[in-house]
There are 2 protein chains.
Amino acid sequence: MLLLLVNRSNLKDISVNKDMLGQFIDLLLFIVLPRVIQAFESPWAYQCIEDKCVRVLKSTPHEDFISLDTCKLICGKGGTLWPLPTGPYKLGDQVVFLKKEKIVFRKLASPCSDVDMLIEKMMTVLHGYFEKMEEDGLKVTVPHGADTEHELSLDIYINRCEKQITLQTNESYSLWVNTEGTSTVASIAAETCFGARHGLETLSQLISWDYAFGSLIMQTSATIIDAPAYPHRGLMVDTARNFISLEKLLHIIDGLAHDKMNTLHLHLSDANSFPFDSKRVPQMAKYGAYSPRKVYSFEDLKELGEYANVRGVRIIPEIDAPAHAGNGWQWGSEYGLGDLALCVNESPRSQGACYDPPCGILNPVNNYTYDVLESIYFDLMQALNPDMFHMGGDEVRFNCWNNTNEITEWMTLNGLSRTEEDFFHLWKYFQNTSLQRVDNVFGRDTPVILWTSSLTDQVAVNGHLDPGRYIIQVWSGSRDFTIPRLYYTGYRLIFSNVDAWYLDCGYGSWVGDGLNSCAPYKSWQVMYDNDLDYLMRGFGIRPDPGKILGGEAAMWSEQVDDATIDGKIWPRLSAVAERLWSNLPERWRFAERRFVHHRERMLLKGIMGDAVQPLWCHQNEGFCYN
Amino acid sequence: MLLLLVNRSNLKDISVNKDMLGQFIDLLLFIVLPRVIQAFESPWAYQCIEDKCVRVLKSTPHEDFISLDTCKLICGKGGTLWPLPTGPYKLGDQVVFLKKEKIVFRKLASPCSDVDMLIEKMMTVLHGYFEKMEEDGLKVTVPHGADTEHELSLDIYINRCEKQITLQTNESYSLWVNTEGTSTVASIAAETCFGARHGLETLSQLISWDYAFGSLIMQTSATIIDAPAYPHRGLMVDTARNFISLEKLLHIIDGLAHDKMNTLHLHLSDANSFPFDSKRVPQMAKYGAYSPRKVYSFEDLKELGEYANVRGVRIIPEIDAPAHAGNGWQWGSEYGLGDLALCVNESPRSQGACYDPPCGILNPVNNYTYDVLESIYFDLMQALNPDMFHMGGDEVRFNCWNNTNEITEWMTLNGLSRTEEDFFHLWKYFQNTSLQRVDNVFGRDTPVILWTSSLTDQVAVNGHLDPGRYIIQVWSGSRDFTIPRLYYTGYRLIFSNVDAWYLDCGYGSWVGDGLNSCAPYKSWQVMYDNDLDYLMRGFGIRPDPGKILGGEAAMWSEQVDDATIDGKIWPRLSAVAERLWSNLPERWRFAERRFVHHRERMLLKGIMGDAVQPLWCHQNEGFCYN
């Protein structure tokens, strides 16, 4: 075993024992370097000085030096951990070489066999990551000569039988890593297997690939107590403006898991397309999918849900209604059910029936509309068994209803005239009626989510939607006064502020000249700094923690599909992840070095995030910002 | 052979013979559909109406219909051609099914065997594309039942022996496609094999994959006369801020070829890193590469150049100097050569030695600096044999020179004081001396390129740099008055306007808060509309065609690397490509439908461009814009 001894307290002491360091350098040169068949040996090495990895020439006399990979693992209080733990934590200052064959997961009995199986799958996922790291690493580096016998074994302790992650799941965990001789033991203790899974992710961040030595390296000592600041930490993916394949969604879940995000909210349908191939209403995808290949079958969603659960991620499906619905709903008349949706595929320029093309809004006075919705809900419940359901509810314009005889006649019959208030009544009628259909399927205990809209803005004042039942997803800007109104009305809130957590902003317009409507681009810095406590205090509110559930970054897909979605989501989503998990009082500058390193690590895990800086900034910490 | 008969003149005639259409529909349903094992059959089909592919329900009575893939090939004057030909062209209105085994390339003897070999490679590339299209297509569609015996054979006629593409290469070609019975003959005639290669690209755009029928389909008739509007059509890739791998550069060349772009300009070095592993000066990459794995060897560049030439692309290497140089130049003193570069890795905040971190500028008063440059030039010449060389020359600040004793002492000795004008003299001294070294290597006939800078702005007025020798690459904004000054001084110009053709703008800042310095994002619309004739007319100039060589989109890499570069380059580069090849008087709205289709086609070719619209807009042409 080649144990790199790096005692941080000695690093600034240039009078350190020269003989020892000399021997150490000789050892490096003798054992390792001749076996590396690269074009040349880099003259650069690193030292950990004042919590920064500082690049130095190896020829600098009387200095100890280590590789950048090793330095990052042991330098600075948090090392490379992302998101930072919220409880007390402490990392050691030594690393050892490791081979993946020497990583032994000792599965300890948990309270029930279902959870045993889950834990086994979770450990397989982690092991797969080490295998990939070694396989990829060995493609470009040659293994070091010293054969290491070092062994890592892992114990997991779990208290509860919980086998599906929900908003209520206790996600806390503790992780201890201790090394004696050639043996390291990692122990994870957690209430639930989902907490333990977070512990496995953290453990994976204590192990890295050393490109200078061609080996896995591992931090030898750690104590970490950790739990998330917010229970709802997620990403919304729109699968209707452009289709996102099942394979890509599975890959996105991998990334969410690495960031300890626990929610994938699928904006499954919109006016543009309806990709869910419902068993009970096959007409929806037949008419509404972009093609027979761009669909999710019932089995696809079932697979997605199970894959996500193993990675600590819950799926929240959304069927947006009554607006943002059109394609997929065109078959009603053909089947004798009348019009299920109105103004389908109309241009917003004709009559202003919607904001962006294509238009489409459900027909709220046709009872079959609700029957179809209930059938779709039923399929989603059976496929995903979600602990929450998203009913959409954004961007309703009344022009289409107002221009449809069937609607206005119904309104007259029901004592409504055609003022804006009357149309709000109609919208509430739709909302209440479709909620009954949700209740029929998911039960009255399932919370439902609605986007902020002119409706939620109204009810925030007059309280027509039950705050005990509805959760409001705030896409309004972070200074919009709808936020305190909703909060004081008693709603629980999920934040997706358009001015901070929208991943689609700042590209060219897709309906004319100029930039798209939510430009400019939201940088990772803006995303990191969207501190919900601070946001609420801006309204003079010290928020009740039970009311602020957390947040979601939003990947609307008008201008993204499988081809480029990874780079638009990452690394910015990681910034949101640390905000929601760690919720540190600090701003982005504090996180910058770890963030940039985490982006590089995510690449090794297959998550192809965008670059945010020249690599020079990573190799010369603190020179680009501090 | 199943020949889809689509006579556009009949499309609006709903009194068309019902029996024939009925039989046609029966044929479709009977032969093809039962074999497609997709979840369902799409109820949608297309008609070409007034040059648009219009989506209709298949159940609509008395209408003929075709698939979207077929419709795009035959609908509208230009079909799916991108960039549009500049000479007369005409496409037919019929398609046939085709199998890749039935595509026979009859290589005709060209004037010399070198070119024969090149043409053979070019045809292999094209055939590889059809193989990929069929292979990928068959993964998601089932082949149609009707076995087609249709055959495509290809003849190529070439006049000249030219075997390396340069600025002077005649790239024109003519393409004829004629069908008789079950046989289609495509003939390409061109002066050079590089013109013929463009013909092959055009031919590839007449062949598509039909997802409804699970088969290659081909336009049966075409006459196309074509030549580019500008001789210099390129992309600049910065490989120094972040490293771009050889594999990725090869892939980028594939994309350039599909867009008929003929230039890849490599910004090989910058202050951040020096990835070229020069044979003669191995110290450069050893000290300057980000790692021993992030380098281009001599052989890598040789491979790159040959790969590019087969695809009609020339490589122009750039060694930026005297500024934008630092890492890689640190070893001078150690080897007894003195300081080759100054202020290396200094922060711009200390003394304002540069604009962005890290600083670094060459030492113009050390003769070894020029010796090293000449050695690097020599390696590049041997590896790439470029027909032009780029000397960089942008963003010099004088503070570093002014703060260096060696420099100021030399200036005093040479009769210079320390005014701004004196430092311009020093810069010109550097430029003239390094040009001599370029001449030693490349010869005096090789044009050299410089970026616009305060130096070119000066000499545009007082003419110190020979307009016969220097080409100026204009990164100034499209309304900057440096443009007419340079033009009137007699320089030939290459345009890379920062306000139109910069691919890196609009993301978050990498040196502080806010957005990066050239924000906002340049949309494809802005890129398409950067019409150089129009730009020059804005200055009251009717440009001499010989002076306006063309342009390059610029992919600076501070915030991009292998992970996401495809989606930042494409599809926007295709917009620049049509501007430079076709240079139509029209603006982007004219090109929008073809552009969106071309992006989809590039995906099939493996070029993972960003999405610019919901797929709905592609499937419902003209509804999002027109």
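Reading the values: rules and limits
- Residues numbered from 1 in each chain as written.
- Chains lettered and ligands numbered in written order.
- Predicted model: local features only at pLDDT ≥ 70, side-chain atom pairs only at ≥ 80, totals over all residues.
- Heavy atoms only, no water.
- UniProt positions renumbered as here; feature names shortened; annotations may be inferred.
- Helix = DSSP H or I, 4+ residues; strand = E, 2+ residues; numbered from the N terminus.
- Expected span 1.5 Å × (residues − 1).
- Bend = angle between axes of the 7 residues up to and from the residue.
- Buried < 20%, exposed > 50% of the residue type's maximum accessible area, 1.4 Å probe, protein only.
- Contact = heavy atoms within 4.5 Å.
- Pairing = 2+ DSSP bridges.
- Axes fitted to C-alpha atoms, helices over the stretch in contact; angles between N-to-C directions.
- Buried area = accessible area lost by both parts, 1.4 Å probe.
- Salt bridge = Lys/Arg side-chain N within 4 Å of Asp/Glu carboxyl O.
- Polar contact = N/O pair within 3.5 Å; in protein donor to acceptor, adjacent residues only side chain to side chain.
- Nonpolar A, V, L, I, M, F, W, Y, C, P; charged D, E, K, R; others polar.
- Phe/Tyr/Trp six-rings, centres within 6.5 Å; stacked < 30°, edge-to-face > 60°.
- Disulfide = S-S within 2.5 Å.
- Core = buried A, V, L, I, M, F, W, Y, C linked by side-chain atoms within 4.5 Å.
- Least-squares fit on C-alpha atoms with pLDDT ≥ 70 in both.

Under the annotation held in an unreviewed UniProt entry, chain A carries the name Beta-hexosaminidase and is attributed to Artemia franciscana. Database annotation for chain A, UniProt heading Sequence similarities (unreviewed entry): "Belongs to the glycosyl hydrolase 20 family."

A. Expanded view of helix H18 (residues 588–604) of chain A. Residue and element names in this part refer to chain A. Here H18 contains 17 residues, and its C-alpha end-to-end distance of 23 Å stays within 8% of the 24 Å for a straight helix at 1.5 Å per residue. The largest bend in H18 amounts to roughly 35° and is located at Arg-594. Of all 17 residues in H18, 12 are buried, a share of seventy percent or more. For H18, every residue scored as buried is listed here: Trp-588, Ala-591, Glu-592, Arg-594, Phe-595, Val-596, His-597, His-598, Arg-599, Arg-601, Met-602 and Leu-603. Buried residues in H18 make contact with helix H2 (68–74), helix H3 (113–140), helix H5 (246–258), helix H14 (524–528), helix H17 (572–581) and helix H19 (615–619). Residue Gly-606 follows H18 closely and has a positive phi angle near 95°.

B. Here's a closer look at the sheet that holds strand E8 (residues 173–180) of chain B. Residue and element names in this part refer to chain B. In spatial order, the strands read E4-E12-E8-E9-E7-E6; together these 6 strands make up an open sheet with mixed pairing. Among the strands making up the open sheet, the edge pair consists of strand E4 (89–91) and strand E6 (103–106). Within this sheet the neighbouring strands show an average axis-to-axis angle of 15°, counted without direction. Bridging between strand E7 (residues 151–158) and strand E9 (residues 183–190) involves 8 bridges; their strand directions are parallel. Within E9, the position partnered with Leu-152 by the bridge is Thr-184. Taken strand by strand, helix H3 (residues 113–140) contacts E6 and E7, and its axis lies near 170° from that of E6.

C. Main features of the interface of chain A and chain B. If you look at the interface, chain A gives 73 residues, while chain B gives 73 residues. When chain A packs against chain B, close to 5800 Å² is buried across both sides, 57% of that on carbon and sulfur atoms. There are 6 salt bridges connecting chain A and chain B. Between Arg-599 of chain A and Asp-561 of chain B there is a salt bridge, with the nearest N and O atoms lying 2.8 Å from each other. Connecting chain A to chain B are 30 residue pairs in polar contact (both at pLDDT 80 or more). Looking at the side of chain A that touches chain B residue by residue, the class counts come to 35 nonpolar, 23 polar and 15 charged.

D. Representation of the pairing of E7 of chain B in the model. Residues and elements named next belong to chain B. For E7, the tally of buried residues reaches 6 of 8 residues, placing the bulk of the element in the interior. By the bridge criterion, 4 bridges tie E6 to E7 in an arrangement that is parallel. Bridging from a neighbouring strand, Arg-106 pairs with Asp-155 of E7.

E. Representation of unusual backbone geometry. All names here are of chain B. With an omega of -5°, the peptide bond running from Trp-82 to Pro-83 counts as cis. With omega at 5°, the peptide bond leading from Trp-570 into Pro-571 counts as cis. Following the sequence through the fold, Pro-571 ends up in the loop between helix H16 (565–569) and helix H17 (572–581). The backbone of Lys-260 sits at a positive phi, close to 55°, despite the residue not being glycine. Note that Lys-260 resides in the loop between helix H5 (246–258) and strand E14 (263–269). Although it is not a glycine, Asn-345 adopts a positive phi angle of roughly 65°.

F. Quick look at the packing of aromatic side chains. Residues and elements named next belong to chain A. Counted by the stated rule, this structure contains 57 aromatic pairs over all chains. Geometrically, the ring pair formed by Trp-82 and Tyr-528 is tilted, given 6.0 Å between the ring centres and 45° between the ring planes. Of this pair, Trp-82 sits in the loop between H2 and strand E4 (89–91) while Tyr-528 is found in helix H14, placing the two residues 446 residues apart along the sequence. Here the two residues Trp-82 and Tyr-528 agree in accessibility, since each one is buried.

G. Here's a closer look at the side chain of Thr-239 of chain B. All names here are of chain B. Looking at the element boundaries, Thr-239 is found in the loop between strand E13 (232–238) and H5. By relative accessible area, which is 0% here, Thr-239 ends up buried. Here Thr-239 is in contact with Ile-244, Leu-266, His-267, Leu-268, Ser-273, Pro-275, Tyr-296 and Ser-557, once residues within four sequence places are set aside.

H. Geometry of the sheet that holds strand E24 (residues 548–555) of chain B. Residue and element names in this part refer to chain B. If you trace the 8 strands once around the closed barrel, you get E13-E14-E17-E20-E21-E22-E23-E24, paired in parallel fashion. Direction aside, the axes of adjacent strands within the sheet are offset by 30° on average. Two strands pair when backbone bridges link them, and E13 and E24 are joined in this way by 6 bridges, in the parallel orientation. Residue pairing in the sheet places Gly-234 in a bridge with Glu-552 of E24. Set on the sheet, helix H8 (residues 367–384) makes contact with E14, strand E17 (314–321) and strand E20 (389–392); between it and E17 the angle comes to about 170°.

I. Here's a closer look at the state of the cysteines. In the structure shown here, the tally under the stated rule is 14 disulfides over all chains. Here Cys-112 of chain B is linked by a disulfide to Cys-161 of chain B, with a sulfur-sulfur distance of 2.1 Å. Residue Cys-112 of chain B is located in the loop between E6 and H3, and its partner Cys-161 of chain B is located in the loop between E7 and E8; the two are separated by 49 residues in the primary sequence. Lacking any disulfide linkage, Cys-193 of chain A is separated from the closest cysteine sulfur, that of Cys-112 of chain A, by 8.4 Å. Given a relative accessible area of 0%, Cys-193 of chain A falls into the buried group.

J. Broad picture of the nonpolar core. Core analysis: the biggest nonpolar cluster contains 168 residues, and Leu-235 and Trp-329 of chain A have the highest contact counts within it. Not counting residues up to four positions away in its chain, the partners in contact with Leu-235 of chain A are Ile-252, Leu-256, Thr-263, Leu-264, His-265, Leu-503, Glu-552, Ala-553, Met-555, Ile-569 and Leu-573 of chain A.

K. Summary view of the relation of the copies chain A and chain B. For these two chains of identical sequence, chain A goes onto chain B by a turn of 180° and a shift of 0.0 Å along the axis, with RMSD 0.0 Å. In the structure described here, the two chain copies are related by an operation that fits a two-fold rotation axis. Taken as a fraction of all interface residues of chain A, those also at the interface in chain B reach 100%, which identifies the copy contact as same-surface.

L. Spotlight on the environment of Cys-359 of chain B. Residues and elements named next belong to chain B. Mapped onto the elements, Cys-359 comes out in the loop between strand E18 (341–342) and strand E19 (361–362). Judged by relative accessible area, Cys-359 falls into the buried class, the value being 1%. C-alpha of Cys-359 to C-alpha of Arg-349: the two residues are 10 residues apart in sequence and 9.7 Å apart in space. In this view, Cys-359 contacts Ala-271, Cys-343, Val-344, Asn-345, Glu-346, Ser-347, Pro-348, Ala-353 and Cys-354; residues no more than four positions away in its chain are not counted.

M. Expanded view of the side chain of Thr-369 of chain A. By the element assignment, Thr-369 of chain A lies in helix H8 (residues 367–384). Ignoring anything within four residues of it in the chain, the contact list for Thr-369 of chain A reads Trp-329, Asp-339, Leu-340, Leu-362 and Asn-363 of chain A.

N. Inspection of the environment of Trp-588 of chain B at higher detail. Mapped onto the elements, Trp-588 of chain B comes out in helix H18 (residues 588–604). Since its relative accessible area comes to 2%, Trp-588 of chain B is described here as buried. Separated by 115 residues in sequence, Trp-588 of chain B and Gln-473 of chain B have C-alpha atoms that sit 24 Å apart. Apart from residues lying up to four places away in sequence, Trp-588 of chain B is in contact with Gly-512 and Asp-513 of chain A together with Trp-524, Gln-525, Tyr-528, Asp-529 and Tyr-625 of chain B.

O. Molecular detail of the pairing of strand E2 (residues 44–49) of chain B. All names here are of chain B. With 5 of 6 residues buried, E2 is to be regarded as a mostly interior element. As paired strands, E2 and strand E3 (residues 52–57) are joined by 6 bridges and run antiparallel to one another. Across the sheet, the residue bridging to Gln-47 is Val-54, located in E3. Counting the residues that bridge the hairpin from E2 to E3 gives 2 residues, and of these Glu-50 lies at a positive phi of roughly 50°.

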